[in-house]
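Report on the structure
Below are the chains, spelled out letter by letter.
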Amino acid sequence: MNVAIADDSTLFREGLGLMLQVADVTVGCTAATGTELVAMLSHPSTSPVDAAILDIRMPPTFTDEGLRTAVELRRLHPGMGILVLSTYVDVGYAVHLLEEVPRGTGYLLKDYVDDVTTLRDVLRRIVAGEAVVDPQIVRQLMRRKSPSVVELLTPRERQTLALMAEGRSNAGIAERLCVTEKTVEGHVNNIFNRLGLVAHPADNRRVLSVLSWLRTHNGV
């Protein structure tokens with residue numbers, strides 16, 4: 001796997017690069033800003049990358065440069081996975097990212113990427129087209145109470161949806177809940193039906209269900 005990194009912290013950028021090398025992940029190019037990375041990846045001499053890892057806050061405004069860079073990269077490189085990293089929990093940013101880049105994307109806290117095995121697994125899933133949300137965001141949302149359509153779900157279906165929000169596959173959910181994959185498929189189909197997510201070729205219903213859950217539990 002070949003990745004690119006954009007982060008204004010030289011220490012974090014280089015440290016992350018060393019971690020990835022240990023995991024047999026090649027770092028094709030690095031940059032201090034999103035604009036710089038977009039330019040690098042658009043240059044003919046740059047080898048294609050499988051995924052880009054972006055800090056959420058970079059120069060010049062240190063607000064949402066990572067999100068805007070993610071949208072631009074997906075427009076220019078539709079098949080590229082996007083992983084946005086943040087120091088703080090911000091559910092609004094996570095929802096915005098999933099709305100703008102619903103497939104092959106992830107939003108994680110920087111503390112979550114200190115495990116090289118976990119990081120490699122997240123990148124693999126993102127490159128495969130999955131959406132991944134940081135477990136800490138999911139746990140915080142689970143502690144909130146908000147009347148919504150999601151309240152129509154059974155406790156087990158809400159557990160399943162929370163694990164879907166973490167980007168887990170049906171097999172991964174089955175392993176975590178100690179049930180069969182067929183049982184999980186039933187829960188997932190019930191979630192889609194209760195949330196009114198009708199199958200459509202242009203939609204990723206797993207992402208749409210996660211977005212519904214994030215919005216109703218955060219008021220965004």
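Please refer to the structure higher up on the page.
All values reported here derive from a predicted model rather than from experimental measurement.

Looking at unusual backbone geometry
- The step from Pro59 to Pro60 runs through a cis peptide bond, and the omega angle for that step is 10 degrees.
- Residue placement: Pro60 occurs in the loop between strand S3 (51–55) and helix H3 (65–76).
- One non-glycine residue with positive phi stands out, namely Asp24, at about 60 degrees.
- Here Asp24 is to be found in the loop between helix H1 (10–22) and strand S2 (26–31).
- The exposed category is assigned to Asp24, whose relative accessible area is 64%.
- If you check the backbone angles, Phe62 has positive phi at about 55 degrees while not being a glycine.

A word on the side chain of Glu65
- Relative to the helices and strands, Glu65 is located in helix H3.
- A polar contact is formed between the side chain of Glu65 and the backbone nitrogen of Thr63, at a distance of 2.9 Å.
- Among residues more than four places away in sequence, those in contact with Glu65 are Ile56, Arg57, Met58, Pro59 and Pro60.

Side note on the nonpolar core
- Counting residues in hydrophobic clusters, the biggest one holds 29 residues, and the most contacted among them are Leu37, Leu41, Leu54, Leu73, Ile82, Val84 and Tyr107.
- The set of elements that each furnish at least two residues to this core consists of strand S1 (2–6), S2, helix H2 (34–42), S3, H3, strand S4 (81–86), helix H4 (91–100) and strand S6 (131–133).
- Element by element, the count of residues in this core is highest for H4, at 6 residues.
- Those residues in contact with Leu37, other than ones at most four positions away along the chain, are Ala4, Ile5, Ala6, Cys29, Ala31, Ala52, Leu54 and Leu73.
- With 17 residues, the next largest nonpolar core counts Val3, Ala51, Leu85 and Leu119 among its residues.

Quick look at the pairing of S3
- S3 sits mainly inside the fold: 5 of its 5 residues count as buried.
- Where burial is concerned, the two faces of S3 agree: the one with Ala51, Ile53 and Asp55 and the one with Ala52 and Leu54 are both buried.
- Both S3 and S4 contribute to a ladder of 5 bridges, which runs parallel. Each bridged residue has a counterpart across the sheet, and for Ile53 the counterpart in S4 is Leu83.
- In the classification by handedness, the crossover that spans S3, the intervening H3 and the parallel S4 is right-handed.

The rules behind each value
Residues numbered from 1 in each chain as written. Predicted model: local features only at pLDDT ≥ 70, side-chain atom pairs only at ≥ 80, totals over all residues. Heavy atoms only, no water. Helix = DSSP H or I, 4+ residues; strand = E, 2+ residues; numbered from the N terminus. Buried < 20%, exposed > 50% of the residue type's maximum accessible area, 1.4 Å probe, protein only. Polar contact = N/O pair within 3.5 Å; in protein donor to acceptor, adjacent residues only side chain to side chain. Contact = heavy atoms within 4.5 Å. Core = buried A, V, L, I, M, F, W, Y, C linked by side-chain atoms within 4.5 Å. Pairing = 2+ DSSP bridges. Right-handed = clockwise from strand over helix to strand, strands pointing away.

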